[in-house]
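Okay, here's what each chain looks like letter by letter:
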Amino acid sequence: MDAKTRQQEHFKDFPSTPKATQEYYDQYWGPGKKYDQDMLDWNYTTPKEGAELLAEFVEDRSAPILDAGCGTGLVGTALKELGYTNIIGADFSQSMLDGCPKDTYKDLKFCDLNDDLPFDARSFSAVISIGTFTFGHVKSDALDEFVRITKPGGLICFTINEGIYKDYGFDKKILDLKANNKWDEVEFFKSDYIASKDVNAWLGLYKVK
């Protein structure tokens, strides 16, 4: 079974549109924090991996960081453990936001990453988005918004599920942003992502110009 087939097999029972995904989170994964238990059971390693990658390049632990698609706060928790104190979380599921640890985020915003984000230009020293670029979730145009709200010299860290990398146009979007002098690649490599399911993702880190 090739990589794309493995991805499709794992996600075949998941919602295929952002609206259906929102309903799925609100009604199934958010209540009782079932999401957290499933991620633990699946050995979902990327929240910690992404936070540690970002920490290699963001020395200021008080720097404003957006956790875009924060869910129940797995990435925020990993960042907090690394000493970061100025984290904003954003997600389109109120149920997931309600499950975030109260002492992890400076603020939580209910918003859809597929829309214009409710943040001023150049607001953040870093944006991190782990697990959002996958089947039925966030489209590649969200990267334009991430660039808009990140300070020059700031960093954007994200995963892209291997199964949708080309089909959803992320390969072209990344190249377009580089060609248009919007960012430079710092790191881009294969992550184990959901190790127990043999589901991989690309983990990228880009510096905004």
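Structural data are supplied above this passage.
Here's a quick rundown of the structure. (Residues numbered from 1 in each chain as written. Predicted model: local features only at pLDDT ≥ 70, side-chain atom pairs only at ≥ 80, totals over all residues. Heavy atoms only, no water.)

### What about helix 5 (residues 74–81)?
Selection criterion: Relative accessibility under 20% of the residue-type maximum defines a buried residue, over 50% an exposed one, and the middle range a partly exposed one, all with a 1.4 Å probe and only protein chains included. Only DSSP runs of H or I reaching four residues or more are called helices, and only runs of E reaching two or more are called strands; each is numbered from the N terminus. Starting at the helix axis, one direction is taken to each C-beta atom, and the arc is that of these directions.
Looking only at helix 5, the buried set comprises Val75, Gly76, Ala78 and Leu79. Along the long axis of helix 5, the arc covered by the buried residues comes to 160°, so they all point the same way. Backbone geometry just after helix 5 places Gly83 at a positive phi near 105°.

### Concerning the sheet that holds strand 2 (residues 87–91)
The criterion, for reference: Being paired, for any two strands, means DSSP has found at least two bridges between them. Axes, fitted as lines to C-alpha atoms, cover a helix only where it is in contact. Angles between the N-to-C directions of the axes lie from 0 to 180 degrees.
Taken together, seven strands build an open sheet; the order of strands is 3-2-1-4-5-7-6 and the sheet is mixed. With partners counted over all chains shown, the strands left at the sheet margins are strand 3 (107–110) and strand 6 (183–194), one partner each. Geometrically, the sheet is characterised by an average inter-axis angle of 15° between neighbouring strands, direction not taken into account. By the bridge criterion, nine bridges tie strand 6 to strand 7 (residues 199–208) in an arrangement that is antiparallel. Each bridged residue has a counterpart across the sheet, and for Glu185 the counterpart in strand 7 is Tyr206.

### Regarding the nonpolar core
The line we're drawing: Among buried residues, those of type Ala, Val, Leu, Ile, Met, Phe, Trp, Tyr and Cys that are joined through side-chain atoms within 4.5 Å constitute a nonpolar core. Throughout, a residue-residue contact means that at least one pair of heavy atoms, one from each residue, lies within 4.5 Å.
Residues Leu54, Leu79 and Ile128 are the most contacted members of the largest nonpolar core, which totals 32 residues. When residues of this core are traced back to their parent elements, those giving at least two are helix 3 (34–42), helix 4 (46–55), helix 5, helix 6 (94–98), strand 4 (124–133), strand 5 (150–161), strand 6 and strand 7. With sequence-adjacent residues up to four places away left out, Ile128 is seen in contact with Gly50, Ala51, Leu54, Ile65, Leu66, Asp67, Ala68, Val75, Leu79 and Cys157. Ile88, Cys111, Ala142 and Phe158 belong to the second largest nonpolar core, which has 29 residues in total.

### Some words on the layout of surface pockets
The gaps of empty space that remain are located by a probe, the size of a water molecule, rolled over the atoms. To keep it simple, the criterion reads: Two kinds of site are reported from a 1 Å grid over the protein atoms alone, namely cavities, where a 1.4 Å probe fits but cannot get out, and pockets, open sets with protein on both sides within 12 Å along at least five of seven lines, and residues are called lining when an atom falls within 4 Å of a point. Grid points are joined across faces, edges and corners, and a volume is the space filled by probe spheres set on the points. Under the scheme applied, nonpolar residues are Ala, Val, Leu, Ile, Met, Phe, Trp, Tyr, Cys and Pro; charged residues are Asp, Glu, Lys and Arg; polar residues are all the others, including Gly.
Of the volumes computed, that of the largest pocket is approximately 300 Å³. If you go around the largest pocket, the residues you meet are Asp36, Met39, Leu40, Tyr44, Thr45, Pro47, Lys48, Leu74, Thr77, Ala78 and Glu81. Within the residue set of the lining of the largest pocket, elements represented by two or more residues are helix 3, helix 4 and helix 5. Residue contributions to the lining of the largest pocket peak at four residues, all from helix 5. Of the residues belonging to the lining of the largest pocket, the class tally is six nonpolar, two polar and three charged. Its volume calculated, the second largest pocket comes out at about 170 Å³.

### Remarks on unusual backbone geometry
One non-glycine residue, Arg122, lies in the positive phi region at around 55°. By the element assignment, Arg122 lies in the loop between strand 3 and strand 4. Note on Arg122: relative accessible area 55%, which makes it exposed. Positive phi, normally seen in glycine, also occurs at Asn181, with a value near 60°. With respect to the helices and strands, Asn181 occurs in the loop between helix 8 (170–179) and strand 6. Assessed through its relative accessible area of 47%, Asn181 is described here as partly exposed.

Purely geometric stuff here, so don't read any function into it on its own.
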